Amino acid sequence: MAEVNMEQLLNCALCPNMCRCECPALQATGREAVAPAGKGRLAALINEGKLNWDEAMLEAASYCLACRGCTIHCPFSELNLCDELLFSRMPARPQGVTLPQVDPYLNNLRKYSSPYGQKSDPVIKTNRPGERAGGEEVIFFNGCTSLANHPPSIEAAASVLLKAGVSFRMTEEDCCGYPALVWGDRELGRQLAEENKRKFAESGATLLVTNCPECWLTFSEYYPDLEQELSLEIIDGPSYFLRLIKEGRLELKEPDPGSSGELGAGVISYHDPCIWARTAGTISEPREILQAIPGLELNEAQPSGSLTRCCGGGSMFQLAFPDTAAAVASRRLKEFPSEAALVTACPFCREGLLQEDRPVLELVEILDRYFK
Amino acid sequence: MAQDMRTVLQESRVEQAVMDRYAAEAAKIVGENNISANQADLLSACRDYWPANSIWMREGVFPALPQLVAWPKTTAQVSKLLALANQEKIPVTPYGEGSGALGGVVPLRGGVTIDLKLMNKIRVLDERNLLVTVESGLNGALYEEELNRAGYTGGHFPQSLRCSSVGGWLACRAAGQFSTRYGKIEDMAVSLEAVLPDGTVFSGRKVPRTATGPRVDHLLLGSEGTLGIITSATLRIWPLPEKRHLASYTFEKLESGLEAIRLFMRAGTRPAVVRLYDGQETGNHFPELGDKRCALILLIEGNARLVDAEAEVIDDCVRSEGAESAGAEHVEHWLEKRFNIGVASMLFQKGAVLDTIEVTTNWHNAYTTYLAMQDALLGVEGTMLASGHYSHVYPEGAALYMTVVGFPGGDKISYYKKLWQTAMEACHKEGAAFSHHHGVGLHRGLWMTDEHGSGLEVLKKIKDALDPEGIMNPGKLGLEEVQLWQK
Ligand SMILES: Cc1cc2nc3c(=O)[nH]c(=O)nc-3n(C[C@H](O)[C@H](O)[C@H](O)COP(=O)(O)OP(=O)(O)OC[C@H]3O[C@@H](n4cnc5c(N)ncnc54)[C@H](O)[C@@H]3O)c2cc1C
Ligand code: SF4
Ligand code: SF4
């Protein structure tokens, strides 16, 4: 795994927290220790041997939702604080310092290759036998969170791909390894990466479409660090679906009667998942899809696009720190027009935003409804 | 397990049994999750952006540690926390966002640090009366963002906008970059709600002006946590400006620039931003202008017709002093870069010491104070650069903002103390006031007798009356001597 960049981490440790307004961890808790430069300072002092890991330090350094909100105002273009924190945390576990609440999830990950435990394999149900023959071009990777929490989005994705005539496979997924990395079990993360890389290679597919932004980030940014760089092209879900529309493989259809029920008057707001917006740069793609649908009116959150704010789901927070995750989500929910139904393109965001009565749909579900 | 921390300014600590008792009660007041005595929280709430803290951070030492941090969410909780601390004689340090530049949040005698960040709501937006009532822990940028959404501005843009709180502004008498039009924070503060050490909650009337005796709530303005805790404030707001006019000029001499500003302020114009840089800073901030001339940056905003008229008057005044127009692009550049202070981190990392010292002058000594302070700072061995600009102006004078960078060979703290000693002496000799907006904190306390004369005794009497047990932010504002931080 990449080394900590001490020069950049020290830049942060010595900064007066010029991005603190954008840090959801700080805004939800008020704790200086979890302010960006607060975390940066603790991590820098630990890396320099001036402080030691203990559970409170590890918790503070883990209080990062990996939203990269801090990069918006950061004067240091080479600084990626959430990665510096992630790399800094790696030595804690070998030193016997861990977050006890994540242990059950890590055990699940070791046993079932999913932090959520035994997978009920909805893939079998959705991926019709014909498409399991091998030799498919596309692997559609749903991610553990969809599998565990919201199988309808997987069914919707499979349905859309079938409509578009894509030769795809939904593998019996192993976790991408992100939770292991976030929680400091590098070896487990590496093993999962190796396993995924092997499966992808064996499949012969040339394109990996990821529905979950955190999987995308792990495949594209952390696998190379783990020396498991993938040889197939990796693309995010929204960009891929737009590609299918532009290629004429998906066309608008009259929605089935009653299917737009929860969308009410058709006013929707798209919540940009942080990773799609700030790391992948996927901002216009989902909007192009949504704006093409007659009867839907897109009303933006303030802020949105590259300035979007976290829903509380980043960095496995919903599992490790559920109360803070909920507090972050409720702050974000105030930033949407009050009458809008929400659409997003991330299983964690969907989960996080589902706090109120208002409907929250995934982009794939909208696609399935309005395209043939 | 607690780790051994070296502290350099810790004067004393409260007996642990007393703190444990307090923590147990505090947990009942704010909830178990809203207190902490873990090392990560104590180490993080012990410091602000005082450069001495950055020097110590590189050495792995801490100024002084609190023994508990509490995060109240309501005024009633603050009241209970304070009353209890008062009863137990536990020192209390209010904490906003820790952007203070002078060690104001360093808990010299341990005790409890009360972090206000969870008091972060806008309580009332009163559009008719152009007032907003806001809790003190709200972050500056989020405050402005929320006002903007409703079509208003708070008009307060310190460079620390994104890293400071409303309460910190009020407690330090902060100034924003747009202060010439909108005023300093004390000009925006119509009334404050505050809690005294004995738990008394009081607030002032939310009316434009009163003549019913001194405004006791305004006593808290600039009190830097030594008298009580500001829990909310009613501030003036403005509709978002209809028009913005940007202009920049250059002068051959700094004095001509100062004279030009004096003239347009005397004529009654109130541009929002007025910044006049010496040659060195002109070269640093606007390389295309070189370092031979002095740049003046202006931003005028508000009602479109008024803006046009002000721009015309100002143009006449500055040209009468030999200004050359340099266009709007330098102001745009400044607007874009005005919150970027990355260079400070890099310099500290490379072993440099950097600080900014802001003082207030009248027109008669605005230039001579600059010369005297620059001389003084450059005279300290190790100083590489001492430059200045005027950042806030008034009909009667201007704030002078000096920046100093040094690479001291030996002990950095000794060098740092020398810088301040000589700069403050020069400022005093010129008759300027010791601070325009950063406040006093711990460090400037050393010069408060020179600043206030017999007024300091009056201030001490007020402190004794409101805080007889002396629990509020001990050692700050020059109200008592701090043994470990002497000249
Ligand atoms: C990069 C940078 C740029 C800056 N630019 C400016 C500028 O342009 N203009 C300017 O005026 N200042 C500036 N400052 C200084 C600093 O931002 C201000 O002093 C600010 O007002 C401090 O706010 P804070 O919330 O960070 O307060 P803190 O640092 O947390 O506290 C400052 C003092 O106020 C007390 N305090 C805080 N909150 C309360 C409360 N609710 N009740 C009672 N006491 C309280 C604390 O005990 C402490 O003594 C700058 C600082 C930095 C680091
Ligand atoms: S991430 Fe950047 S802006 Fe934020 S505290 Fe660190 S250095 Fe400062
Ligand atoms: S990535 Fe997000 S949560 Fe992490 S420090 Fe930056 S702003 Fe805070």
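Predicted, not measured: the structure shown is a model, and the values here were computed from it.

Asks: Got a sec to walk through the overall build of chain B? Specific residues and values, please.
Replies: Across its full length, chain B carries 17 helices and 18 strands. For chain B, whose C-alpha radius of gyration is 23 Å, the value lies close to the compact-globule estimate of 23 Å for 487 residues. For chain B, the C-alpha atoms occupy an extent of roughly 70 × 60 × 40 Å along the three principal directions. Within chain B, buried positions represent 62% of all 487 residues. Within chain B, residue pairs in contact and separated by at least 24 positions form 74% of the contacts whose partners lie at least 6 positions apart. Roughly 18,600 Å² of accessible area belongs to chain B as shown, and the carbon and sulfur atoms make up 50% of that amount. Side-chain charges in chain B split into 48 positive and 59 negative, and the spacing between the mean points of these groups amounts to 3 Å.

Asks: Any details on the overall build of chain A? Residues and values, ideally.
Replies: Assigned secondary structure in chain A consists of 19 helices and eight strands. Expected size for 372 residues packed as a compact globule is a radius of gyration near 21 Å; at 20 Å, chain A falls within 12% of this value. Projected onto the principal axes, the alpha-carbon positions of chain A cover approximately 65 × 45 × 35 Å. Within chain A, the proportion of its 372 residues that are buried is 63%. Across chain A, contacts joining residues at least 24 apart in sequence account for 76% of those joining residues at least 6 apart. Of the accessible surface of chain A, which amounts to about 12,900 Å², a share of 46% is contributed by carbon and sulfur atoms. The averaged location of the 51 negative side-chain charges in chain A is 2 Å from the averaged location of its 35 positive side-chain charges.

Asks: Describe the site of ligand 1, and please don't skip the residues or the numbers.
Replies: If you check the shell around ligand 1, you find 35 residues, and the closest are Pro94, Ser99, Ser160, Ser165 and Ala175 of chain B. Neighbouring residues of ligand 1 are not confined to one chain but are distributed across chains A and B. A distance of 2.7 Å separates an oxygen atom of ligand 1 from a polar atom in the backbone of Pro94 of chain B. One nitrogen or oxygen atom from the main chain of Glu224 of chain B is found 3.2 Å from an oxygen atom belonging to ligand 1. In isolation ligand 1 offers 970 Å² of accessible surface; the protein chains occlude 97% of this area. Counting residues per element, the ones that place at least two in the shell around ligand 1 are β3 (92-95), α6 (166-172) and β10 (229-236) of chain B. For the shell around ligand 1, the element with the most residues is α6 of chain B, which contributes five residues. Here the residues of the shell around ligand 1 sort into 16 nonpolar, 17 polar and two charged. For the shell around ligand 1, the domains that each give at least three residues are domain 1 (2-117) and domain 2 (122-239) of chain B.

Asks: Talk me through the domain arrangement of chain A; I want residue IDs and the actual numbers.
Replies: All names here are of chain A. Each domain of chain A was delimited in the assignment, giving domain 1 (6-98), domain 2 (101-246) and domain 3 (261-370). Just the C-alpha atoms count here: the centres of domain 1 and domain 3 sit 26 Å apart. Across the contact, 16 residues belong to domain 1 and 18 residues belong to domain 3. Our count for the contact surface shared by domain 1 and domain 3 stands at one salt bridge. Of the charged contacts in the structure, one is a salt bridge between Arg309 and Glu22, with a shortest N-O distance of 3.0 Å. Looking at the side of domain 1 that touches domain 3, the elements with two or more residues in it are α2 (24-29) and α4 (55-62). Considering every element that reaches the side of domain 1 that touches domain 3, the biggest residue donor is α2, with four residues. When the residues that make up the side of domain 1 that touches domain 3 are grouped by side-chain class, the tally is eight nonpolar, five polar and three charged.

Asks: Please set out the nonpolar core residue by residue, giving values where relevant.
Replies: Residue and element names in this part refer to chain B. One finds Tyr143, Leu170, Phe264, Leu296 and Trp485 to be the most contacted residues of the largest nonpolar core, which totals 262 residues. Here this core takes nine residues from helix α15 (residues 412-429), the largest share from any one element. Ranked by size, the runner-up nonpolar core spans 27 residues in total, among them Ile35, Ile90, Met119 and Ile229.

Asks: Tell me about the pairing of strand β8 (residues 189-195) of chain B, and please be specific about residues and values.
Replies: Residues and elements named next belong to chain B. Within β8, seven of the seven residues are buried, which leaves the element mostly enclosed by the surrounding structure. Relative to strand β9 (residues 201-203), β8 runs antiparallel, the two being bridged by three bridges. Across the sheet, the residue bridging to Val195 is Val201, located in β9. Hairpin remark: β8 followed by β9, antiparallel, with five residues in the connecting loop; positive phi at Gly199, about 95 degrees.

Asks: Tell me about helix α1 (residues 6-13) of chain A, residues and numbers included.
Replies: Counting buried positions along α1 of chain A yields six of eight residues, so the element is predominantly enclosed. Those residues of α1 of chain A not exposed but buried are Gln8, Leu9, Leu10, Asn11, Cys12 and Ala13 of chain A. Against α3 (36-47) and α5 (81-89) of chain A together with α3 (51-59) and α13 (342-349) of chain B lie the buried residues of α1 of chain A. Capping of α1 of chain A at its N-terminal end is provided by Asn5 of chain A; its side-chain oxygen lies 3.2 Å from the backbone amide nitrogen of Glu7 of chain A.

Asks: Just give me the short version of the side chain of Glu193 of chain B, but keep the residues and values in it.
Replies: Residues and elements named next belong to chain B. Within the secondary structure, Glu193 is located in strand β8. Judged by its relative accessible area of 15%, Glu193 is buried. In terms of polar contacts, Glu193 uses its side chain to reach the side chain of Arg123, at 3.2 Å. Residues in contact with Glu193, not counting those within four places in the same chain, are Thr75, Arg123, Val201, Phe202, Ser203, Ile229, Ile230, Thr231 and Ser232.

Asks: For a negative patch on the surface, give the residues involved together with the corresponding values.
Replies: Residues and elements named next belong to chain B. A surface patch of like charges, here negative, comprises Glu288, Glu329, Glu332 and Glu336. Note that Glu332 resides in helix α12 (residues 329-337). By relative accessible area, which is 46% here, Glu332 ends up partly exposed.

Asks: Now, about the packing of aromatic side chains: what can you tell me, with residues and values included?
Replies: Each aromatic ring pair is characterised by the separation of its centres together with the angle its planes make. Applying the stated criterion across every chain, the model contains 21 aromatic pairs over all chains. Centroid distance Phe140 of chain A to Phe241 of chain A: 6.0 Å. Interplanar angle 45 degrees. Geometry classified as tilted. With a gap of 101 residues between them, Phe140 of chain A in strand β1 (residues 138-141) and Phe241 of chain A in helix α13 (residues 237-246) connect regions that are remote in the sequence. The same class applies to Phe140 of chain A and to Phe241 of chain A, which are both buried. One aromatic cluster is present, formed by Phe141, Phe200, Phe219 and Tyr223 of chain A through successive ring pairs. Across the ring face of Tyr63 of chain A, the terminal group of Arg31 of chain A is positioned such that the distance to the ring centre comes to 5.6 Å. The residue whose ring lies beneath Lys417 of chain B is Trp485 of chain B, and the NZ or CZ to ring-centre distance is 4.4 Å.

Asks: Can you explain the pattern of salt bridges? Please cite residues and give values.
Replies: All told, the structure shown has 50 salt bridges over all chains when counted by the stated rule. In this structure, Arg190 of chain A engages Glu194 of chain A in a salt bridge whose closest nitrogen and oxygen atoms are separated by 2.9 Å. Of this pair, Arg190 of chain A and Glu194 of chain A both sit in helix α11 (residues 186-203), four residues apart, which is roughly one turn of that helix. Taking the shortest distance from any N to any O, the salt bridge between Arg173 of chain B and Glu186 of chain B comes out at 3.2 Å.

Criteria and thresholds
Residues numbered from 1 in each chain as written. Chains lettered and ligands numbered in written order. Predicted model: local features only at pLDDT ≥ 70, side-chain atom pairs only at ≥ 80, totals over all residues. Heavy atoms only, no water. Helix = DSSP H or I, 4+ residues; strand = E, 2+ residues; numbered from the N terminus. Rg over C-alpha atoms; globule rule 2.2 N^0.38 Å. Buried < 20%, exposed > 50% of the residue type's maximum accessible area, 1.4 Å probe, protein only. Contact = heavy atoms within 4.5 Å. Areas by Shrake-Rupley, 256 points an atom, 1.4 Å probe, with all protein chains shown as cover. Lys, Arg positive; Asp, Glu negative; His and termini not counted. Charge placed at Lys NZ, Arg CZ, Asp CG, Glu CD. Near = heavy atom within 4 Å. Polar contact = N/O pair within 3.5 Å; in protein donor to acceptor, adjacent residues only side chain to side chain. Nonpolar A, V, L, I, M, F, W, Y, C, P; charged D, E, K, R; others polar. Domains from an automatic or database assignment. Salt bridge = Lys/Arg side-chain N within 4 Å of Asp/Glu carboxyl O. Core = buried A, V, L, I, M, F, W, Y, C linked by side-chain atoms within 4.5 Å. Pairing = 2+ DSSP bridges. Patch = residues over 30% accessible without salt bridge, like charges linked within 9 Å, V, L, I, M, F, W, Y side chains within 5 Å. Phe/Tyr/Trp six-rings, centres within 6.5 Å; stacked < 30°, edge-to-face > 60°. Lys NZ or Arg CZ within 6 Å of the ring centre and 35° of its normal.

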